[in-house]
There are 2 protein chains.
Amino acid sequence: MTGLTKVILSEQDMPTHWYNIAADLPTAGVELPPPLNPATGEPLGPDGLAPIFPMALIMQEVSTERYIEIPDQVQEIYKLWRPTPLYRARRWEEALDTPARIYYKYEGVSPAGSHKPNTAVPQAYYNMKEGVTRLTTETGAGQWGSALSFACQMFDIECKVYMVKVSYEQKPYRKLLMQTWGATVVPSPSTQTNAGRAILAADPDSTGSLGIAISEAVEEAALRDDTKYALGSVLNHVLLHQTVIGQEVIKQLEIFEEEWPDVIVGCTGGGSNFGGLAFPFLRENIVNGKQTRIVAVEPAAAPSLTRGRYAYDFGDTAQMTPLMKMHTLGHDFVPAPIHAGGLRYHGMSSLVSAVKAAGLIEAVNVQQKAIFDAALSFTRAEGILPAPEASHAVLGAMQEALRCKESGASETIVFNLSGHGHFDLTAYESYLDNQLVDYEYPEAAIEASLAHLPQVA
Amino acid sequence: MTGLTKVILSEQDMPTHWYNIAADLPTAGVELPPPLNPATGEPLGPDGLAPIFPMALIMQEVSTERYIEIPDQVQEIYKLWRPTPLYRARRWEEALDTPARIYYKYEGVSPAGSHKPNTAVPQAYYNMKEGVTRLTTETGAGQWGSALSFACQMFDIECKVYMVKVSYEQKPYRKLLMQTWGATVVPSPSTQTNAGRAILAADPDSTGSLGIAISEAVEEAALRDDTKYALGSVLNHVLLHQTVIGQEVIKQLEIFEEEWPDVIVGCTGGGSNFGGLAFPFLRENIVNGKQTRIVAVEPAAAPSLTRGRYAYDFGDTAQMTPLMKMHTLGHDFVPAPIHAGGLRYHGMSSLVSAVKAAGLIEAVNVQQKAIFDAALSFTRAEGILPAPEASHAVLGAMQEALRCKESGASETIVFNLSGHGHFDLTAYESYLDNQLVDYEYPEAAIEASLAHLPQVA
């Protein structure tokens, strides 16, 4: 079937289980350090997370089972958009004049427009099963807030989203989408939490950050009995849920009669879409001796994997979360205001960090002018308009394809087009008007925030 | 396979031909009156259209061949999003508590977000084949302009879009999408054409209309040798190209093991998405004795099928087009500023008008508050956010489903969800803020503009 443009599996061929890479890390000699209680420095047991997460998700967080069954009710909601298509980028290959074969998995077909509902739906489901009636969360660019609003609507759960104020004001469409699905959206920092009030007292004009919004959402969940918290990336159970992506891609490449891929590319902010695509392939590297290169592409404005330190740190600005070992720029590092708001995070998921530290994956950082160059090249060949976040993966794939052009290698490149850019057109406007600014941090700036890392014995 | 949520055909099962209902109208005793030259009142031969359309499209316009082959290069572009999914709206059926089975064809998966690329791509293709290097068009809400910008990009044709000024200002994202695909977008009325300058001389603050924008685009195409014009609805060849929709639905219903549908519902502005879904089913009514009811849903603010006259009229405000026999409200009728900008047209395609006049289809008109009620009910059950235009079909299907609830009939209802609402969230904002206004025309207002119909012997 090498003439196909895309392959869409039937609903019967959808994965029935999520894949948990924690089960295979020991085979690779990789240790996954546990989260720590910041007060004691001791490993945090499941009970330590119970105030903010339902027990089913906590058990997934610490599970070492290789495959975890996807509940029927989650599968039913997944079917509103899954399985998602895998495309062969024939027209783009031609435009790039590369001998490489480029495939992209398109997760933008979900109602919220990105991969985020893959985890929002099970998170809402497990909360509903345990009697939770309200969820809080944060959102930056708005992809995660949209996804959770949609998922909560599916299970009749109230949803409250703390949206980084600058995005709340600049992205009214994202806010409206959440409201259309019934969510309450509050600009953060707000006066509704201690964390928000403290920030506003210090800086009444604060435009907010993801770290601040997390603090507000976690605080509200911790204080209210009927309310828990949901996070859209970083945590083990989030990456677990995203592995439907990579599992589908493996089946789809077979239908394309494709050899095993040479390179896998994903963008990284907290690591979830990257892990979702990469981990099923990484398993084959670890267990079956495959040698696929796996490349994470992050913004130069938030270069945790490429320039951060692998150390214990807080997940949020107000130091309310447990400590996690991860590649971090320091919890008070505020990334420059690039358009890929979903990648503006100081840390990286523990799972992605661990495999990076072990040398099992590669990472590069890129500037935003270059990512929009790549996005424009892509959309003018393939039609789909990529989100700025996903455009990092587009650029990563393009760099690999151009390397192949130079060497003449006809490699197989697979990347994750994690979301569309329908709500990001002002970013394209800045690009078309030549208004984009690139950001590069001097070493001293990163060292300064790393100096605030918590001390762990 | 009755447990399926959706059916997506494989690329090999895509229709290879467009279906031309003109071939079957004589069997139903329906006459399709020809377009007339407004100067002479005589039927317009193919040469009369040659200044603005390529000959291949003119020949399709007048063809009575039943099936017309889809060129390979068009098929290749179609595969960037086609075949599109057919969903069973299980969750919405449950929310409506109806015994009806509701199916919806989702055309919003195209790069431009609606069914419009189904015809934009072949129109750009045939122009390219005949050496045309520039296309002009008009756009209201922006769906058609986006689609043609995308299609021109695929075939390396320049694209110039006259965008109704009020939309140009209110929908910057649509404008940016077109620019991202390389198009030039001009607010209409503009100073670049005689038609535009005349309107501005009379009213410097004119916010434009679809009829005015058509005049500008047609004028530019008629005056420049390298430039032709493309229309997104109304014409026979446009409806022809859209019949891939209904042909796919017939195959998809088979995979659902569904009996022949009882009711088909589509929204109508110029008639193209409606015709695309309905005509393959109408053929079965005409030729094979099937008895599917076919319902067109139009806005009360532009009620051509329900309150217009079946008569010869101009397609545009400045009286530059040929005369076409159609249901019309009069070429100088300017529909109220409802949010479904794509349905704000004074006329209706000749094909849809002819089958309506012959009693082969039904039509209803609806108010915009009701269509957003239906859209909200739909998106909270099914996830997908419908465009305001498509929401007319959502409401039409809902009314049929509620009728079934009352009667207890377990009918099969199929409707066309012709596009998503990602660029229409300010309309949802007006709805959520209770700011929507309904419009109803007194009989005298419609009579007044009908008094200006051209006299035809």
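This is a predicted model, so every value here is computed, not measured.

(A) Inspection of the overall build of chain A at higher detail. Across its full length, chain A holds 19 helices and 15 strands. The C-alpha radius of gyration computed for chain A amounts to 20 Å, which stays within 12% of the reference 23 Å derived for 457 residues, consistent with globular compactness. Among the 457 residues that make up chain A, the fraction classed as buried is 67%. Sequence separation of 24 or more characterises 76% of the internal contacts of chain A that already satisfy a separation of 6 or more. Working note: accessible area of chain A is about 15000 Å², and carbon and sulfur atoms make up 49% of it. Looking at charge distribution, chain A has the averaged site of its 33 positive side-chain charges lying 3 Å from that of its 52 negative ones.

(B) Looking closely at the pairing of strand S6 (residues 134–139) of chain A. Residues and elements named next belong to chain A. For S6, a buried count of six out of six residues is recorded, marking the element as mostly surrounded by other parts of the structure. Relative to strand S7 (residues 158–164), S6 runs parallel, the two sharing six bridges. Of the residues in S7, the one forming a bridge with Leu135 is Cys159. Tracing the backbone out of S6, into helix H6 (residues 143–154) and back to the parallel element S7 gives a crossover that is right-handed. Both S6 and strand S9 (residues 227–229) contribute to a ladder of three bridges, which runs parallel. Looking across to S9, one finds that Arg134 is bridged to Thr227.

(C) Representation of the relation of the copies chain B and chain A within the structure. If you rotate chain B by 180° and push it 0.0 Å along the axis, it lands on chain A with an RMSD of 0.0 Å. A rotation of that kind, with that shift, is consistent with a two-fold axis. Comparing interface residues between copies, 100% of those in chain B also lie at the interface in chain A; the contact surface is shared.

(D) Region of interest: the domain arrangement of chain A. Residue and element names in this part refer to chain A. Structurally, chain A comprises domain 1 (6–14 + 81–113 + 243–450) and domain 2 (17–43 + 51–68 + 115–236). Each of domain 1 and domain 2 has a C-alpha centre, and these two points are 21 Å apart. Tallying the contact residues gives 50 residues for domain 1 and 46 residues for domain 2. Here domain 1 and domain 2 share an interface that buries about 4100 Å² over both sides, 68% of which is from carbon and sulfur atoms. Here domain 1 is connected to domain 2 by two salt bridges. The closest approach of N and O atoms between Asp424 and Lys171, which form a salt bridge, is 2.6 Å.

(E) Structural detail: the sheet that holds strand S5 (residues 101–106) of chain B. All names here are of chain B. Pairing within the open sheet is mixed, and its seven strands lie in the order S1-S4-S5-S15-S10-S11-S14. Two strands bound the open sheet, and with one partner strand each, they are strand S1 (6–7) and strand S14 (362–366). As judged from the six bridges shared by S5 and strand S15 (residues 412–417), these two strands associate in the parallel manner. Bridge pairing links Tyr104 to Phe415 in S15.

(F) Structural context of helix H9 (residues 210–223) of chain B. Residues and elements named next belong to chain B. Compared with an ideal rise of 1.5 Å per residue, which puts 14 residues at 20 Å, H9 spans 20 Å between its outermost C-alpha atoms and is within 8% of the ideal. Those residues of H9 lying buried are Leu210, Gly211, Ile212, Ala213, Ile214, Ser215, Glu216, Ala217, Val218, Glu219, Glu220 and Ala221. Lining the buried residues of H9 we find strand S6 (134–139), strand S7 (158–164), strand S8 (184–188), helix H8 (194–202) and strand S9 (227–229).

(G) Structural detail: the side chain of Lys6(A). On the secondary structure map, Lys6(A) appears in strand S1 (residues 6–7). When its relative accessible area of 5% is taken as the criterion, Lys6(A) is described as buried. A polar atom in the side chain of Lys6(A) sits 2.4 Å from the backbone oxygen of Arg82(B). In this view, Lys6(A) contacts Pro85(A), Leu86(A), Tyr87(A), Phe256(A), Glu11(B), Lys79(B), Trp81(B), Arg82(B) and Pro83(B); residues no more than four positions away in its chain are not counted.

(H) Region of the structure containing the interface of chain B and chain A. Across the boundary between the two partners, chain B contributes 45 residues, which contact 45 residues of chain A. Between chain B and chain A the total buried area reaches about 4000 Å² when both faces are included, carbon and sulfur atoms providing 57% of it. The interface formed by chain B and chain A holds two salt bridges in total. The interface formed by chain B and chain A holds 21 residue pairs in polar contact (both at pLDDT 80 or more) in total. Listing elements by their share of the side of chain B that touches chain A, those giving two or more residues are helix H2 (72–78), helix H5 (143–154), helix H7 (172–180), helix H15 (368–382) and helix H17 (425–432) of chain B. Taken together, the residues that form the side of chain B that touches chain A break down as 23 nonpolar, twelve polar and ten charged.

The rules behind the values
- Residues numbered from 1 in each chain as written.
- Chains lettered and ligands numbered in written order.
- Predicted model: local features only at pLDDT ≥ 70, side-chain atom pairs only at ≥ 80, totals over all residues.
- Heavy atoms only, no water.
- Helix = DSSP H or I, 4+ residues; strand = E, 2+ residues; numbered from the N terminus.
- Rg over C-alpha atoms; globule rule 2.2 N^0.38 Å.
- Buried < 20%, exposed > 50% of the residue type's maximum accessible area, 1.4 Å probe, protein only.
- Contact = heavy atoms within 4.5 Å.
- Areas by Shrake-Rupley, 256 points an atom, 1.4 Å probe, with all protein chains shown as cover.
- Lys, Arg positive; Asp, Glu negative; His and termini not counted.
- Charge placed at Lys NZ, Arg CZ, Asp CG, Glu CD.
- Pairing = 2+ DSSP bridges.
- Right-handed = clockwise from strand over helix to strand, strands pointing away.
- Least-squares fit on C-alpha atoms with pLDDT ≥ 70 in both.
- Domains from an automatic or database assignment.
- Buried area = accessible area lost by both parts, 1.4 Å probe.
- Salt bridge = Lys/Arg side-chain N within 4 Å of Asp/Glu carboxyl O.
- Expected span 1.5 Å × (residues − 1).
- Polar contact = N/O pair within 3.5 Å; in protein donor to acceptor, adjacent residues only side chain to side chain.
- Nonpolar A, V, L, I, M, F, W, Y, C, P; charged D, E, K, R; others polar.

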